[in-house]
Amino acid sequence: MKSKVKINYDVNGKIALVTGANRGIGKAIVDALVSKGATKIYAAVRNLNTAIPLVKRYGSKVVPVELDLAKPETITATAETANDVQVVINNAGIFIASTPMASDAIDLLELGMKINVFGLIRVAQAFAPVLKINGGGAFVQLNSVASLKCASNFALHSASKAAAYSITQALHQLLGQQGTAVLSVHPGLIATDMSDAAGLAGLAEPATLVAEGIIAALKAGDFHLFPDSMAKRVGSAYQSFSESIIEADISEYGAH
Ligand SMILES: NC(=O)c1ccc[n+]([C@@H]2O[C@H](COP(=O)([O-])OP(=O)(O)OC[C@H]3O[C@@H](n4cnc5c(N)ncnc54)[C@H](OP(=O)(O)O)[C@@H]3O)[C@@H](O)[C@H]2O)c1
């Protein structure tokens, strides 16, 4: 089986867009992009006021734009405004702490799919043509170890993140054909409001690990990134399956 072609991508001198840029991992990604030489960063946020601290810190290098994954019109409008973007990082997402046995399981999973999966598809559809026009660029999706291993108490979250990972694999193949590097990021436990909400803050590691990991993984042309200690354990167990199946060209089986 052949491996797919790697695209090595350096963010230095590039124009980027980060969804959910105002806090948590998204904010750390903005910091890392600035420190690694990105020239402009669109901070895509639901509420423009939440990007004010980034503008205060970085001046005109950071351009706030409104993007709500639940409002498709804000995604298409942003792709028209940010038409010079070369690196799109879809970081925004929601966490759903519930199980398939909950009485509102269907409603909660619908919400998770709407934000974590339909949001990803809409961002990819809106920005793929922009990335193509701007030379291919890079598309990064924040998935999770929960995309690979279901924790029963967060099963609905895992289901949405597993679906997002599946879509990311398709994007790897499809956007790769236009020269776009695609990276699937799988954090374990990172210290943000999200890990607080999950009641797991004590074990969490800094968001800089994810942000700096993304920049290094793009440079190396990797498809997966497992940035923190817990994620690395999952990533090392997954490596052989990934190399022989996920990242391999298995077109002899009729799969593309
Ligand atoms: N923290 C972890 O341990 C961990 C582990 C694995 C994966 N991840 C993934 O990493 C990504 C970032 O997580 P985080 O820990 O930084 O989360 P967080 O602290 O909860 O921040 C979430 C970000 O997403 C934005 N957001 C939420 N709903 C949105 C919507 N409908 N449209 C646009 N933006 C929306 C939030 O904006 P507002 O401020 O407006 O709410 C915020 O900027 C997520 O995709 C998450 O699943 C995190």
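Structure first, text after, so check above.
These remarks concern the structure in this document. Treat the numbers as computed from the prediction; the structure is a model and nothing was measured.

### Things to note about the overall build of the protein
Tallying secondary structure elements over the protein gives eight helices and nine strands in all. By the compact-globule yardstick of 18 Å for 256 residues, the protein fits well, its C-alpha radius of gyration being 17 Å. Considering only C-alpha atoms, the protein reaches an extent of 45 × 45 × 35 Å along its principal axes. Taking contacts inside the protein between residues at least 6 apart in sequence as the whole, the part at least 24 apart equals 67%.

### A look at the site of the ligand
In the vicinity of the ligand there are 29 residues, among which G20, G24, G93, T192 and M194 approach most closely. The set of elements that each furnish at least two residues to the shell around the ligand consists of α1 (24-35) and α6 (193-197). Grouping the constituent residues of the shell around the ligand by class yields 13 nonpolar, 12 polar and four charged.

### Describing the nonpolar core
Residues A16, V18, I29, A43, L183 and I214 are the most contacted members of the largest nonpolar core, which totals 73 residues. If you tally residues by element for this core, the top one is helix α4 (residues 105-133), at nine residues. Setting aside residues no more than four positions away along its own chain, L183 makes contact with A138, V140, I214, A217, L218, D222, F223 and L225.

### Quick look at the pairing of strand β5 (residues 87-90)
The alternating pattern of β5 places V87 and I89 on one face and V88 and N90 on the opposite face, and all of these are buried. Two elements, strand β2 (residues 15-19) and β5, share three bridges in a ladder whose sense is parallel. Opposite V18, over in β5, you have I89 as the bridge partner. Sheet topology places β5 next to strand β6 (residues 138-142); four bridges connect them, and they run parallel. For V88, the partnering residue across the bridge sits in β6 and is F139. Traced from β5 through α4 to β6, the parallel crossover comes out right-handed.

### Focus: the environment of V30
Among the structural elements, V30 can be located in helix α1. Under the C-beta neighbour-count criterion, V30 is labelled buried, with 26 such atoms within 10 Å. Sequence separation between V30 and S103 is 73 residues, and the spatial gap between their C-alpha atoms is 39 Å. Those residues within four positions of V30 in sequence are excluded, and the remaining contacts are V18, A21, I41, A43, L54 and V62.

### Re the packing of α1 against helix α7 (residues 208-220)
Running from N to C, α1 and α7 cross one another at 50°; their axes reach a closest spacing of 8 Å. The orientation of α1 with respect to α7, classified from their angle, is oblique. The handedness of the crossing between α1 and α7 is right-handed. Residues I25, A28, I29, D31 and A32 of α1 lie in contact with α7, whose contacting residues are T208, V210, A211, E212, I214 and I215. Residue composition of the contact of α1 with α7, grouped by class: eight nonpolar, one polar and two charged.

### Some words on the sheet that holds β5
Reading across from one edge, β4-β3-β2-β5-β6-β7-β8 is the order of the seven strands in this open sheet, with parallel pairing throughout. Two strands bound the open sheet, and with one partner strand each, they are β4 (62-66) and β8 (224-225). Across the sheet, α4 touches β2, β5 and β6, and the angle it forms with β5 is around 175°.

### Overview of the pairing of strand β3 (residues 40-45)
Of all six residues that make up β3, five are buried, and the element is covered over most of its length. Across five bridges, β2 lies against β3 in parallel orientation. The residue of β3 that forms the bridge with I15 is K40. In the classification by handedness, the crossover that spans β2, the intervening α1 and the parallel β3 is right-handed. Relative to β4, β3 is paired through five bridges, and the arrangement is parallel. Within β4, the position partnered with I41 by the bridge is V62. Read from β3 through helix α2 (residues 52-58) to β4, the crossover connection turns out right-handed.

Procedures and definitions
- Residues numbered from 1 in each chain as written.
- Predicted model: local features only at pLDDT ≥ 70, side-chain atom pairs only at ≥ 80, totals over all residues.
- Helix = DSSP H or I, 4+ residues; strand = E, 2+ residues; numbered from the N terminus.
- Rg over C-alpha atoms; globule rule 2.2 N^0.38 Å.
- Contact = placed C-beta atoms within 7 Å.
- Near = placed C-beta within 6 Å.
- Nonpolar A, V, L, I, M, F, W, Y, C, P; charged D, E, K, R; others polar.
- Core = buried A, V, L, I, M, F, W, Y, C linked by C-beta atoms within 7 Å.
- Buried ≥ 20, exposed ≤ 12 C-beta atoms within 10 Å, placed from the backbone.
- Pairing = 2+ DSSP bridges.
- Right-handed = clockwise from strand over helix to strand, strands pointing away.
- Axes fitted to C-alpha atoms, helices over the stretch in contact; angles between N-to-C directions.
- Parallel < 35°, antiparallel > 145°, perpendicular 65-115°, else oblique.
- Left-handed = near helix turned anticlockwise from the far one by under 90°.

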